[in-house]
Amino acid sequence: MKLTKVAFFSLSAVLAQASFAEAPSHARPTPERLDLFADPTGFFDTLSVENGIDRRSAFFQSLGTNGRTCGTCHLPDQAFSLTAEGARETFLRTRGLDPLFAPVDGANCSNARRGDPTSHSLLINHGLFRIGIPMPANAQFTISVAQDPYGCAITRDPKTGQETISVYRRPIPTTNLAFLSDVMSDGRETLAPLGDKDTLLANLQTDLKQQASDATTGHAQALRPPTDKQLAAIVNFELGLYTAQALDFRAGRLTAEGALGGALALSNEQYYPGINDAKGLDPTGAPFDPASMTLFAAWLEPAPAATPEFLRRDAARSKIAAGEEIFNTANLVVGAGVAHCASCHDTPNIGNRSLSTFLDVGTSHSTLPGAETNPQILAALAELNLPNLPVYLISGCPSATDPTQTAAFYTTDPGRALITGKCSDLFKAKAPTLRSLAARAPYFHNGAASDLTQLVNFYNQRFQIGLTPEQKSDLVAFLSAL
C-alpha cells in the first residue's frame, strides 16, 4: 500500500499519539524523500537520495515490446521485489493480462495461454519467474531431465543445437544495491568485480547497467538495448534507494529508544568490500565478528514501563532484541565444524556477504525418492512449501564421499554451476541482503519458504541449531524488524 503525502502526514500524527506516544525522529527526511508502505508486520520505508520515487523515470518506463517496465517486477510497495500475494492480486485484477504475466518468463513455459492461472502457477503461488540459461560451453558435467512437470525444462535451439536450462527464481530487490558483492543470485551479471573499495562504485555501475540492459532486451523483449542515458537514469535511481522496516505493529517505531531500524539509519551504515569478512579477509585487518547485527541492542534492557500498553510494547521490543542476540550467537553445525548466522551474512546490519561468495544451503536439492541422502537436508526441506519444479540429473561430477568416482546429483536449480560450468559450483547461490524481509515473502531463490517461520524452521533443521519454540519466535520477530 503506497501512502500519499496527505496519508503520510496523517499516519505520522497517529503514530506519534497512538503508537505508544513516541515523538517522531528529528532526523527524519521530508515525505518528498521518504516513502512509507504497509506490510504484514507493520510499515517499511524507502529513502531515495534522488528526492523521492519519481514514477516518470526510466525505471518506470516501458522500454520493450510487451508493456513491462523495471517497476513491473520490482514494485515500490513490495520492497522493490514482488510478493506472491502481489502477483495473485494482479492476476485476479487483470485476469492475467497484465504485462507481469508475459509468457517470455512470467509463465511456467513460454507457450502458455494468457489468462490461464494453471499456466502461471509458479508466479502466482511462489513469485517465480522462468529464467532460461544456456548450458555453459565446456561444462564439467552433463544435465538431463529427471522430472519435467511443464514440458520445457530443457529446450534446444533448432539451428545451433544450444541447450537452454529453465530455472525458476524470485526477483531480487532493486533497492539496497550499494551493498552488493555480486549482481544476481548466481553472479551472472558481475562482469566487473566488486571486491575493491576503490573500484566498487564504478564497477557496480557497470554491472548494473549491463543487468538493466539484459533485463530490458530479455524480460521486456526490447528490440534494442536502452540508450546510455536511460541506463544511467535506471542505475542512478536504483543506487539511491534504501529500504528497511520502519515500524512494527507491536514494538512501535524501530528507531525509538536508541534502535537503528528504518531506511535513514540504513543509508548511513558503513560498508566496504570485505567488511567483517567471515573468512578473515577484511582489508583493514579487523577480525571476523559473528555479532554482526547491532540494530536493537539498546532494547535488550528496556526502561521500566508504567502502563499495560507500554508493557506490551516493551515486551515486543525485548523479543526483537532477543532474536538479534540469537542471530549473533547461535551455533550452526556445518559438517564437522560450527558456524554462525553471520558466517553467511557477515556485512554488519545489512546481512549479505561482503565479498563474493556462493553457498549451498540445500534449498535446491530434490526430494524425489532416493535423490537426497543427507537426512538433515531432507528434514529441512520438509519444513518448506516446496514449488513443483523440474528436477535435473547432474552427471559427471565427483562423489562427495569418494572424489575418484562420479556420482549422480539431483537438483531443481544447478545455481552458479550454470554460469561457470564447474562441479564445485553446483547448487550454489549468493547470500541475499536481509533488510526489508517482512515486505517481500516468499523466501529463498525458489520461493520455498512461505513466511519467516518456515525459513527459521528450515535453518533450525538444516544446521541443527536446536532452537526452542520461543527462540524461533524471537528470531522471526527480529527478522521481521529488519
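Everything quoted here is computed from the prediction, not taken from an experiment.

(A) Spatial organisation of the overall build of the chain. Helices and strands together make up the secondary structure of the chain, namely 13 helices and 14 strands. On C-alpha atoms alone, the chain measures out to a radius of gyration of 22 Å, which is about the 23 Å that the 2.2 N^0.38 rule sets for 482 residues. Dimensions of the chain, computed from the C-alpha atoms along their principal axes, are close to 70 × 55 × 45 Å. For the chain, the residues scored as buried account for 54% of the 482 residues in total. For the chain, long-range pairs separated by at least 24 residues make up 66% of all intrachain contacts whose partners lie at least 6 apart in sequence. Counting only carbon and sulfur atoms, one obtains 54% of the accessible surface of the chain, whose full area is about 20800 Å². For the chain, the separation between the mean place of its 38 positive charges and that of its 46 negative charges on side chains is 6 Å.

(B) The arrangement of empty space enclosed by the protein in detail. The full count for this structure, using the stated rule, is 2 cavities of 30 Å³ or more. The calculated volume of the second largest cavity comes to roughly 60 Å³. Every residue lining the second largest cavity is listed: R169, S185, D186, S364, D413, G415, F427, K428, A429 and H445. A breakdown of the residues in the lining of the second largest cavity according to their chemical character gives 2 nonpolar, 4 polar and 4 charged.

(C) View of the pattern of salt bridges. Considering all chains together, one arrives at 13 salt bridges under this definition. Salt-bridge contacts for R93 lead to E89; the nearest nitrogen and oxygen are separated by 3.1 Å. A residue pair is termed a helical-turn pair when its members lie 3 or 4 positions apart in one helix, as R93 and E89 do in helix α3 (residues 84-94) at 4 residues. What makes R93 exposed here is its relative accessible area of 54%. If you follow the salt bridges from partner to partner, you end up with R169, D186, R188 and D413 in one network.

(D) A look at the nonpolar core. Membership of the largest hydrophobic core comes to 39 residues, with the highest contact counts inside it found for F296, W299, I320, L455, L475, F478 and L479. Contributing elements (two or more residues each) for this core: α8 (308-329), α10 (375-381), α12 (452-462) and α13 (469-480). With near-sequence residues (within four places) excluded, L455 lies in contact with Y443, F444, A449 and L479. Of all hydrophobic cores here, the second largest spans 27 residues; its members include C73, F101, M135 and V167.

(E) Representation of the environment of G67 within the structure. By the secondary structure assignment, G67 is in the loop between β2 (42-48) and α2 (70-73). Relative accessible area serves as the criterion here: at 36%, G67 is assigned to the partly exposed category. Taking C-alpha positions, G67 is 31 Å from P136, a pair spaced 69 residues apart along the chain. Each residue touching G67, except ones within four places of it in the same chain, is listed here: S62, T72 and P99.

About the thresholds
- Residues numbered from 1 in each chain as written.
- Predicted model: local features only at pLDDT ≥ 70, side-chain atom pairs only at ≥ 80, totals over all residues.
- Heavy atoms only, no water.
- Helix = DSSP H or I, 4+ residues; strand = E, 2+ residues; numbered from the N terminus.
- Rg over C-alpha atoms; globule rule 2.2 N^0.38 Å.
- Buried < 20%, exposed > 50% of the residue type's maximum accessible area, 1.4 Å probe, protein only.
- Contact = heavy atoms within 4.5 Å.
- Areas by Shrake-Rupley, 256 points an atom, 1.4 Å probe, with all protein chains shown as cover.
- Lys, Arg positive; Asp, Glu negative; His and termini not counted.
- Charge placed at Lys NZ, Arg CZ, Asp CG, Glu CD.
- 1 Å grid on protein atoms, 1.4 Å probe; cavity = no way out; pocket = protein on both sides within 12 Å on 5 of 7 lines; lining within 4 Å.
- Points joined across faces, edges and corners; volume = space filled by probe spheres on them.
- Nonpolar A, V, L, I, M, F, W, Y, C, P; charged D, E, K, R; others polar.
- Salt bridge = Lys/Arg side-chain N within 4 Å of Asp/Glu carboxyl O.
- Core = buried A, V, L, I, M, F, W, Y, C linked by side-chain atoms within 4.5 Å.

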